[in-house]
Amino acid sequence: MAKLYAGLDVSQDMTAICVVDARGKVVLETSVATDAKSIGVVLRPFRRSIEQVGHEVGPLSPLLHEALLKQRFPMVCLDARKARAAMAAQRNKTDRNDAQAIAILLARGFGGDVHVKSIEAQRAQTLLLFRNTLARKIHELDRVLGGKFKQFGAKMKRAADGTPIIIWPARGKDADVSAYATHLLHARASAASERDALERLIQAEAKADPICRRFMTVPGVGPLTALTFRAAVDEPHRFRSSRNLGAYFGLTPRRFQSGKTDLHGRMSKAGNVEVRAALFQAAHCLLVCTKRESRLRTWGLRLAQRRSLTHARIACSRKLAVILHRMWITETDFAPN
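Residues numbered from 1 in each chain as written. Predicted model: local features only at pLDDT ≥ 70, side-chain atom pairs only at ≥ 80, totals over all residues. Heavy atoms only, no water.

**Structural notes on the overall build of the protein chain**
A tally of helices and strands in the protein chain yields 12 helices and nine strands. On C-alpha atoms alone, the protein chain measures out to a radius of gyration of 25 Å, which is more than a quarter above the 20 Å that the 2.2 N^0.38 rule sets for 337 residues. Taken along its principal axes, the extent of the C-alpha atoms in the protein chain is 85 × 55 × 55 Å. Across the protein chain, the fraction of contacts at a sequence separation of at least 24, relative to all contacts at a separation of at least 6, is 55%. The distance from the centre of the 56 positive side-chain charges to the centre of the 30 negative ones in the protein chain is 8 Å. (Helix = DSSP H or I, 4+ residues; strand = E, 2+ residues; numbered from the N terminus. Rg over C-alpha atoms; globule rule 2.2 N^0.38 Å. Contact = heavy atoms within 4.5 Å. Lys, Arg positive; Asp, Glu negative; His and termini not counted. Charge placed at Lys NZ, Arg CZ, Asp CG, Glu CD.)

Rendered as structure tokens:
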């Protein structure tokens, strides 16, 4: 029986489907509604012959991926950057051509399976995204308030809980500007209240998870860093080596080599931005805030003396990712069945 490969180009409303054989010959081309049941109906006649069903990473990918796996289709998720590079030679970019290109990539063995995170990891990432969004907005409001009040001779200071306080000059305050700022201050207070509520949920999630509790035994790692790392990795055994975590989260130097040219640049900054920021903050707490001695802190402080504190924080971030992954692997390898 000939082996077949199916490519799905998923959009919000419609999904283009293309089925090809091992030589790339088109067996079926059609479009259906973006629904796992409708896609399954089209692919069901080829179930015994289909080797892989591929689709790109996207907002709808996790839902369709899990639903089609339950229908016993061999699903593969492709890296969008690699798929886009392979499709760049197309004369016309259409959903039909994209689905055919995905199917041909699978037939040629260039699928490059991408891990699709579990529902629990997606839920945790959603919670973290909402909290980080509010935190960024609060920071933006603080910048606007602090910058504008300087024009009228006032200064912005912070209370013990971080709430901004406006200090007007001795000659008095500008009544109009003060009235304008009231609206921003109310918005900032509301956003801070909701951020604090989400942070309490994050702490509860981290404390309820045994893996996160073990992560938090590392100096500098708190609930936010533990849950962020837990949700981003999801399945620790998908990494062959713990050292791969540094490159996966963009904490290794960028390199360009061609002939006699061999350049080593700054951090690649690839992968999840939120994880990289959380690890960087944890490394900062380890080196600056935490007084508890450890081999990692001692090594990082020596590096800071030789190079700089920034270099030390980046290096400790990379080492923290390796340490957390090794702790996770050890926990799962020796967990009772």
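**Describing helix α1 (residues 36-43)**
All of the buried residues in α1 are A36, I39, G40, V42 and L43. All buried residues of α1 fall inside an arc of 160° around its axis, so they share one side. Those residues of α1 hidden inside the fold are in contact with β1 (4-10), β2 (14-21), β3 (26-33), β4 (50-56) and α2 (61-70). Put simply, D35 is the residue that caps the front of α1, since its side-chain oxygen is 3.1 Å from the backbone nitrogen of K37. (Buried < 20%, exposed > 50% of the residue type's maximum accessible area, 1.4 Å probe, protein only. Arc of directions from axis to C-beta. Polar contact = N/O pair within 3.5 Å; in protein donor to acceptor, adjacent residues only side chain to side chain.)

**A word on the nonpolar core**
By size, the foremost hydrophobic cluster in this structure holds 37 residues, and its most contacted members are F215, F229, F249, L279 and L320. At the level of elements, α5 (119-149), α6 (175-208), α7 (210-215), α8 (223-233), α10 (273-289), α11 (295-306) and α12 (309-333) are the ones that each hand at least two residues to this core. At eight residues, the largest contribution of residues to this core is made by α12. Excluding anything up to four places from it in sequence, F249 contacts F229, A232, V233, A270, N272, V275, R276 and L279. Membership of the second largest hydrophobic core comes to 16 residues, among which are L8, A36, L43 and V53. (Core = buried A, V, L, I, M, F, W, Y, C linked by side-chain atoms within 4.5 Å.)

**Looking at the side chain of R297**
Mapped onto the fold, R297 is located in helix α11. A polar contact is formed between the side chain of R297 and the backbone oxygen of L286, at a distance of 3.0 Å. In contact with R297, other than residues within four places in its own chain, are L286, L287, T290, K291 and R292.

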